[in-house]
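What follows is each chain in one-letter form.
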Amino acid sequence: MSKIANAFAGGKAFIPFITCGDPDMETTAAVVRAAVANGADLIELGIPFSDPTAEGPVIQGANLRALEGGATTDRVFELVKDLRRDVSVPMVFMTYANVVFSYGAEKFISACGEIGIDGLILPDLPFEEKEEFLPLCHEYGVDLISLIAPTSENRIAMIAREAEGFIYLVSSLGVTGMRSEIKTDLASIVAVIRENTTIPCAIGFGISTPEQARKMAVISDGAIVGSAIIRLLEQHGKDAPSYVGEYVKSMKDAISE
Amino acid sequence: MTNPKGRFGIHGGQYIPETLMNAVIELEEAYNFYKNDPQFNAELSELFNEYAGRPSRLYHAAKMTEDLGGAKIYLKREDLNHTGAHKINNVLGQALLAKKMGKTRLIAETGAGQHGVATATAAALMGMECVVFMGEQDTKRQALNVYRMKLLGAEVIPVKTGTATLKDAVSEAMREWTSRIADTHYCLGSVMGPHPFPTIVRDFQAVISKEIKEQMLRKEGRLPDAVIACVGGGSNAIGSFYHFIGDKDVRLIGCEAAGRGIDTFETAATISTGRVGIFHGMKSYFCQDKFGQIAPVYSISAGLDYPGVGPEHAYLHDIGRAEYVAITDEEAVQAFEYLARTEGIIPAIESAHAVAYAMKLAPTLAKDRIIVITVSGRGDKDCAAIARYRGEDIHE
């Protein structure tokens, strides 16, 4: 049984996304601890990439700041080792295929297993290409997380049947970023997912307010929030941890109602 | 050469967000149907011949041949096509395909602006909406082409992210496509990106080598000894090479942009300096650092200023079927000026990279050898930038 299941065991999961090294690794570590202390169930850690094609302007900015601040894959691994001294909630990496491939897929994925990373989200690795990393993920006990999008349609069942860890349901067309309204008929997508798998399904992309998170959690198993948290980092820099903690609490409270 | 998942050896594939998967599958299915549809092919031939001005000339550059004193040189004049470059071949094919698929809007990335102009042209012709993404840096280098696109009814969006050049324009066009798929076709401009684009673009550009072969057999009664073309993403090169791949005695030579030199960081010579990676939907060679961060590449030529190369070129390199050489800014500018003075032809600065290598190669070959240089585009767009490079400030 995947450790990721623990994140969903106690009810609806709140999953914050944080770009590692924005603006520096100490701040990231403090932000993760603040999020966990305030009820985050699973942490999605972004390894910065120079050209994040699935991201909107807010997370693009975080990637840039992190790289300018000297973030590297090795330093992210060090950060996770430090976090694992006291953080026990599941943690997954979100990055791009080239970051894994270029590091050496086996070296990268085995390191994930060693330092306590439970899953890998790669937005540019669709179902058809998952064999690139899946055998190594199985070997080192890292779940390769599948994404399902509003355009997946006839592909939902195929993806869900082979999914592991949890399913990342993309709420809207386009890139990451805050949206005033989410129009996709997500409930019917979740219904097809439920027919094909028992693993949990969390919704991400465009969620920023407690009300949106609550709505998403009602129809699924949890909510993933990135840009709204990155925005707090952008505004408060090194002082962000307390603001992120407060925000995570408001979101967790909303989805637990 | 393409297997069902669009692989060229280890290269190619479909490394894109799930949101786009059904769109590329739909595109592949439509292409597989229309490529064998006589009606589609008749319409495309009509557009190629009557609208774009094909076949393009295979011109014997007698003065250049004499001056260099070696191999006999022919120029494949893609610069004479409507809109001034080979880009129109691919765009007419994709626009017609998109129209058949019921799409009403074309989006495109552009570097030098030639692909953007070609896309805007096809959109105007076919009554489609058109949005072109162009690095802000390139909108300055190629202001004339920005104006041409606007004149043709396209919206030009300057991309300010990253290095504000071609790679960022591709990223932004991909982002736009994920947000609006139903009515929109992404008219990718080179033999790159996720399958099926490298195959579709190659097939539409393969008309270049098909014509070279026919024209060469007619003029010389034999095949050339070498075909030389510039390589950014590599569409005019693969178009020039394609029908010769099986003819092992024909050397295929791709000329990459070395920028200020392959031993500097200011280069865009992907095969010379890059390594295998996964980016922009494909596995291929990329300029990148040891952690896989894509390098900020540089070339005087906005059209070759890209950190990757099409997957079929990566494969032709791996199996040793094609050679890839790097040409510096200075060598390209000299070739640009040389062709203008010697033959009265001002080539695009991209194409000048191919001319530059031919100037090195021709004198080393015997006079009974024949080389073909693809002049992929015309150089009007580059005149202001080359003048600046030479220290002369001209106002367009």
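Residues numbered from 1 in each chain as written. Chains lettered and ligands numbered in written order. Predicted model: local features only at pLDDT ≥ 70, side-chain atom pairs only at ≥ 80, totals over all residues.

1. Some remarks on the domain arrangement of chain B
Residues and elements named next belong to chain B. To keep things clear, this is the line we draw: The start and end points of each domain follow an automatic or database-based domain assignment. By the convention adopted here, residues are in contact when the distance between their C-beta atoms, placed from the backbone, does not exceed 7 Å. Note on conventions: DSSP H or I runs of at least 4 residues are helices, E runs of at least 2 residues are strands, and numbering of each starts at the N terminus. Each residue receives one of three labels: charged for Asp, Glu, Lys and Arg, nonpolar for Ala, Val, Leu, Ile, Met, Phe, Trp, Tyr, Cys and Pro, and polar for the others, Gly being one of them.
Segmentation of chain B into domains returns domain 1 (8-48 + 87-201) and domain 2 (54-84 + 206-389). Each of domain 1 and domain 2 has a C-alpha centre, and the two are 22 Å apart. Of the residues lining the interface, 38 residues belong to domain 1; the matching set on domain 2 comes to 38 residues. The element best represented in the side of domain 1 that touches domain 2 is strand E2 (residues 11-15), accounting for five residues. Here the side of domain 1 that touches domain 2 is composed, by residue class, of 17 nonpolar, 17 polar and four charged.

2. Topic: the sheet that holds strand E6 (residues 167-170) of chain A
Residues and elements named next belong to chain A. Applied cut-off: By the convention used here, strands pair only if DSSP detects at least 2 bridges between them. Only the contacting stretch of a helix is used when fitting its axis, a line to C-alpha atoms as for every element, and angles between N-to-C directions run 0 to 180 degrees.
As summarised here, the arrangement of the eight strands in space is E1-E2-E3-E4-E5-E6-E7-E8, forming a closed barrel in which the pairing is parallel. Mean inter-strand twist for the sheet, computed between neighbouring axes without regard to direction, equals 25 degrees. Strand direction decides the pairing type here: strand E4 (residues 119-121) and strand E5 (residues 143-148), joined by three bridges, are parallel. Opposite Leu120, over in E5, you have Leu144 as the bridge partner. Helix-sheet contacts for helix H2 (residues 25-37) involve strand E1 (13-19) and strand E2 (43-46), and the interaxial angle to E1 is about 175 degrees. Sheet strands touched by helix H12 (residues 240-256): E1 and strand E8 (222-225). Its angle to E1, the strand with the most contacts, is close to 155 degrees.

3. Points about the interface of chain B and chain A
Facing 28 residues of chain B, the contacting portion of chain A comprises 32 residues. Of all the elements in the fold, those that place two or more residues in the side of chain B that touches chain A are E2, helix H1 (18-34), helix H8 (166-179) and strand E11 (275-279) of chain B. With six residues, the single largest contributor to the side of chain B that touches chain A is H8 of chain B. Of the residues belonging to the side of chain B that touches chain A, the class tally is 10 nonpolar, 13 polar and five charged.

4. A closer look at the nonpolar core
What counts is decided by this rule: Joining buried Ala, Val, Leu, Ile, Met, Phe, Trp, Tyr and Cys residues through C-beta atoms within 7 Å gives a set, and that set is a nonpolar core. The exposure label follows from counting other C-beta atoms within 10 Å of a residue's C-beta, where the C-beta atoms are placed from the backbone and the thresholds are 20 or more for buried and 12 or fewer for exposed, leaving partly exposed in between.
Leu169 and Ala223 of chain A together with Ile228, Ala358 and Ile371 of chain B are the most contacted members of the largest nonpolar core, which has 233 residues in total. Shared between two domains, this core holds at least three residues of each, these being domain 1 (8-48 + 87-201) and domain 2 (54-84 + 206-389) of chain B. For Leu169 of chain A, the residues in contact, after removing those within four places along its chain, are Ile148, Leu186, Ile189, Val190, Cys201, Ala202, Ile203 and Ser220 of chain A.

5. Comments concerning the environment of Thr19 of chain B
Tracing the sequence through the fold places Thr19 of chain B in helix H1. The spacing of Thr19 of chain B and Ile181 of chain B is 162 residues in sequence and 9.0 Å in space, taken between C-alpha atoms. In this structure Thr19 of chain B touches Ala149, Thr151, Val170 and Leu173 of chain A together with Thr178 of chain B, once residues within four positions along its chain are discounted.

6. Brief notes about the packing of helix H5 (residues 114-126) of chain B against helix H7 (residues 143-151) of chain B
All names here are of chain B. For the record, the criterion: Roughly parallel means an angle under 35 degrees; roughly antiparallel, over 145; roughly perpendicular, 65 to 115; everything else is oblique.
With their axes 9 Å apart at the nearest point, H5 and H7 run at an angle of 10 degrees to one another. Classified by the angle between their axes, H5 and H7 sit roughly parallel to one another. Where H5 approaches H7, its residues Gly116, Val117 and Ala120 are matched on the opposing element by Asn145, Arg148 and Met149. When grouped by side-chain class, the residues that make up the contact of H5 with H7 number three nonpolar, two polar and one charged.

7. A few points about the confidence of the model for chain B
The test is simple: What pLDDT conveys is the predictor's confidence in a given residue, as a value from 0 to 100.
Taken as a whole, chain B shows an average pLDDT of 96; of its residues, 98% reach a score of 70 or greater. For this predicted complex, the interface confidence comes out at an ipTM of 0.97, alongside a pTM of 0.96.

8. Examining the sheet that holds strand E8 (residues 184-186) of chain B
Residues and elements named next belong to chain B. The strand order E7-E6-E5-E8 describes an open sheet built from four strands, whose pairing is parallel. The two strands at the open ends of the sheet, each matched to only one other strand, are strand E7 (155-159) and E8. Across this sheet, the average inter-strand angle for adjacent strands is 20 degrees, counted without regard to direction. Here strand E5 (residues 105-110) runs beside E8; their pairing, made up of three bridges, is parallel. From the neighbouring strand, Leu106 faces E8, where its bridge partner is His185. Together, E5 and strand E6 (129-135) form the strand contacts of H5, whose direction differs from that of E6 by roughly 175 degrees.

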